[in-house]
Amino acid sequence: MKTITITQWGRLQDKTTDNMKHSLEWFKAHVSQRVYRDKNECDSCETCDQVTKEGAVIQDDLHAEYLFNIQEDLDIHYYDNR
C-alpha cells in the first residue's frame, strides 16, 4: 500500500518510492528557471535526451502547464537541481 502526502511546497510525495510529483503552482513558480528530470522511456529522441542531460528552462506559464501535464502521462519526475 502506498502512502501519498502533500508537502508544504505542493509536492506529492510517495512514501514507498520517495518519488515526487509537483503541482501546477510548482511549475509556474519555476518559470524562467532550469528544472531537471529523471531518465524515462521517451529519451530515445534527441530533444528528450538533451533535456534529461542538461535540464530545461521553463519558458512561460503555457510551458509550465505542458510539463505539469506530461509528468503524469510519461511518469517523469522533475527536480530543482540535479
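Basis of the calculations
- Here the residue index of a chain counts from 1 through its sequence in written order.
- Local features in a predicted model are, by the rule used here, given only for residues with pLDDT of at least 70; side-chain atom pairs are given and counted only at 80 or more, and totals for whole chains, interfaces and linings are based on all residues.
- Side-chain numbers come from the whole structure's heavy atoms, not from hydrogens or water.
- A run of DSSP states H or I qualifies as a helix once it reaches four residues; a run of E qualifies as a strand once it reaches two. Both are numbered from the N-terminal end.
- Pairs of N or O atoms within 3.5 Å make up the polar contacts considered here, provided that, within protein, one atom can donate a hydrogen while the other can accept it, and that residues adjacent in sequence are counted only when both atoms are side-chain atoms.
- One fewer than the residue count of a helix, multiplied by 1.5 Å, yields its expected span.
- The salt bridge definition used is simple: a Lys or Arg side-chain nitrogen within 4 Å of an Asp or Glu carboxyl oxygen.
- Each residue's exposure class comes from its accessible area (1.4 Å probe, protein chains only) as a fraction of the maximum for that residue type: buried when under 20%, exposed when over 50%, partly exposed otherwise.

Colleague: So what exactly am I meant to see when it comes to the environment of Q59 here?
Modeller: Mapped onto the secondary structure, Q59 falls in the loop between β5 (56-57) and α3 (61-73). Separated by 3.1 Å, the side chain of Q59 and the backbone oxygen of V57 make a polar contact.

Colleague: What is the right way to look at α3 in this model?
Modeller: Note on helix geometry: an α-helix contains 3.6 residues per turn, so any two residues three or four positions apart are oriented the same way. Helix length check: α3 (13 residues) gives 19 Å between terminal C-alpha atoms against 18 Å at 1.5 Å per residue, within 8%. Between a side-chain oxygen at the N-terminus of α3 and the backbone nitrogen of L62 the separation is 3.2 Å; the capping residue is D60. Looking one or two places after α3, you find D75, whose phi comes out positive at around 55°.

Colleague: How do you make sense of the pattern of salt bridges when you look at a structure like this?
Modeller: Oppositely charged side chains are able to pair whenever their charged atoms sit close together. Evaluation of the coordinates by the stated rule reveals 3 salt bridges. Put simply, D75 and K21 hold a salt bridge, and the shortest N to O gap is 3.1 Å. Residue D75 is located in the loop between α3 and β6 (78-79), and its partner K21 is located in strand β3 (residues 20-22); the two are separated by 54 residues in the primary sequence. Owing to a relative accessible area of 12%, K21 belongs among the buried residues under this scheme. The partner of E65 in a salt bridge is K28, and the shortest N-O contact between them spans 3.8 Å. Here E65 is found in helix α3, whereas its partner K28 is found in helix α1 (residues 24-29), with 37 residues between them in sequence. Among the residues examined, E65 registers a relative accessible area of 32% and is labelled partly exposed.

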